[in-house]
Amino acid sequence: MSAPPGKERRRLDASMTLLVEVMESPLDAGYAQEATRRQARMAAGATRRRSAWAWGLILLAAIGAGLTVTTAARQLSVPQEGGAASARDVLERQISERNEAATTLAARAEELAGEIENLQREALDYQDTGLLDTIQRDTLRNGTQSVQGPGLVISLTDGVAGLGEDLDPDALVQDQDLRAVVNTLWAAGAEAISIDDHRLTATSSIRNANQAVLVNLVPLAGPTYVVRAIGDIDAMQAAIAESKLPARLQALGNAYGIRSSIVAQSSLFLPGAGVQPLTHAGPVESLP
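All of these numbers come straight from a predicted model, not from anything done at the bench.

**Side note on the overall build of the chain**
A count of helices and strands for the chain gives 7 helices and 8 strands. Taking all 288 residues of the chain together, 22% fall into the buried category.

Here it is, written out as structure tokens:
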């Protein structure tokens, strides 16, 4: 039967409240709270134990990784027996072989250039002597042909910072020093110039690579660099005396100990630079 509207339904055991609480909640409230706190403490302790184990594993992994990296670094830092020496020997052998091959090819190119020159002379000696003279003048100007005649020899030698000390980089002959000598000689009327038997042409370069001087991308041995110039000796000496070159050479000697000398020679031989690459060409008039 349902209760009338507006009135709450009363439990049949409402008069038995104490018996109901004893049956439904047999533990005292204080015991229940203590049991709850105990379960919470046990859970927190398990969590702490698990956290300690996790940190211990992380620490062991970090130590193992550190030992592995240290061992690998030591193995890499220690040179392998014979490995570096073997690689150096291979590189030295390859450099020697390439230098020999380059020397052989250069000699062959010079030989072929001489044959071409002889054939041109034989072909044009009777047909067109004017064209032969023009070709010879052009080969002299572009440096492809060897030349011999009187001229000047200017030598520059590296200076030393002091006895028993390391060589001062500023005491070395540099590319700008050689360029100053070469430019002065061209302005003085030199007809042909070479540096350590490397013939200079209109496309030649004089550069520094670290402490080495390169002429036409070829490193020079040093410590003495010899510049040879063929031309009128008296005219070149007079032009050099009026230029800034003597003061520059004296300053290099006073500041860095770089020694220099200018000597006149009655006969100099300058090798040719070989066949130069053709960069410009144009049609010529037909021969009669």
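**Quick notes on the side chain of Asp 158**
Relative to the helices and strands, Asp 158 resides in the loop between strand S1 (147-157) and helix H5 (175-187). Buried within the structure, Asp 158 lacks any salt-bridge partner; its nearest side chain of opposite charge belongs to Arg 259, at an N-O separation of 8.6 Å. Among the polar contacts listed, one links the side chain of Asp 158 to the backbone nitrogen of Val 173, at a separation of 2.7 Å. Apart from the residues within four sequence positions on either side, Asp 158 is in contact with Ala 171, Leu 172, Val 173, Pro 223, Tyr 225, Gly 257 and Arg 259.

**What about the sheet that holds strand S3 (residues 198-199)?**
With respect to topology, 5 strands assemble into an open sheet ordered S3-S2-S7-S1-S8, the strand pairing being antiparallel. Only two strands of the sheet have a single partner each, and these edge strands are S3 and strand S8 (259-270). Alignment of strand S2 (residues 192-195) against S3, held across 2 bridges, turns out to be antiparallel. In the sheet register, Ser 194 faces S3, and the bridge partner there is Arg 199. Against the sheet, helix H6 (residues 233-242) contacts S1, strand S7 (224-230) and S8, and its axis sits at roughly 30 degrees relative to S1.

**Thoughts on helix H7 (residues 245-256)**
In this model, H7 (12 residues) spans 16 Å end to end at C-alpha, consistent with the 16 Å of a helix rising 1.5 Å per residue. Contact partners of the buried residues in H7: S1, H5, H6 and S8. Gly 257 occupies a position one or two residues after H7 and carries a positive phi of about 75 degrees.

**Considering the pattern of salt bridges**
For side chains bearing opposite charge, pairing can occur when the charged atoms are close. If you walk through the whole model with that rule in mind, you get 4 salt bridges. One salt bridge connects Arg 248 with Asp 177, and the closest N-O pair in it is separated by 3.1 Å. Within this pair, whereas Arg 248 is found in helix H7, its partner Asp 177 is found in helix H5, the two being separated by 71 residues in sequence.

**Looking at the sheet that holds strand S4 (residues 206-209)**
Sheet architecture is open: 3 strands sit in the order S4-S5-S6, paired in antiparallel fashion. Each having just a single partner strand, S4 and strand S6 (218-219) make up the two edges of the open sheet. Relative to S4, H5 is tilted by about 170 degrees, and along the sheet it contacts S4 and strand S5 (212-215).

Rules behind the numbers
- Residues numbered from 1 in each chain as written.
- Predicted model: local features only at pLDDT ≥ 70, side-chain atom pairs only at ≥ 80, totals over all residues.
- Heavy atoms only, no water.
- Helix = DSSP H or I, 4+ residues; strand = E, 2+ residues; numbered from the N terminus.
- Buried < 20%, exposed > 50% of the residue type's maximum accessible area, 1.4 Å probe, protein only.
- Lys, Arg positive; Asp, Glu negative; His and termini not counted.
- Salt bridge = Lys/Arg side-chain N within 4 Å of Asp/Glu carboxyl O.
- Polar contact = N/O pair within 3.5 Å; in protein donor to acceptor, adjacent residues only side chain to side chain.
- Contact = heavy atoms within 4.5 Å.
- Pairing = 2+ DSSP bridges.
- Axes fitted to C-alpha atoms, helices over the stretch in contact; angles between N-to-C directions.
- Expected span 1.5 Å × (residues − 1).

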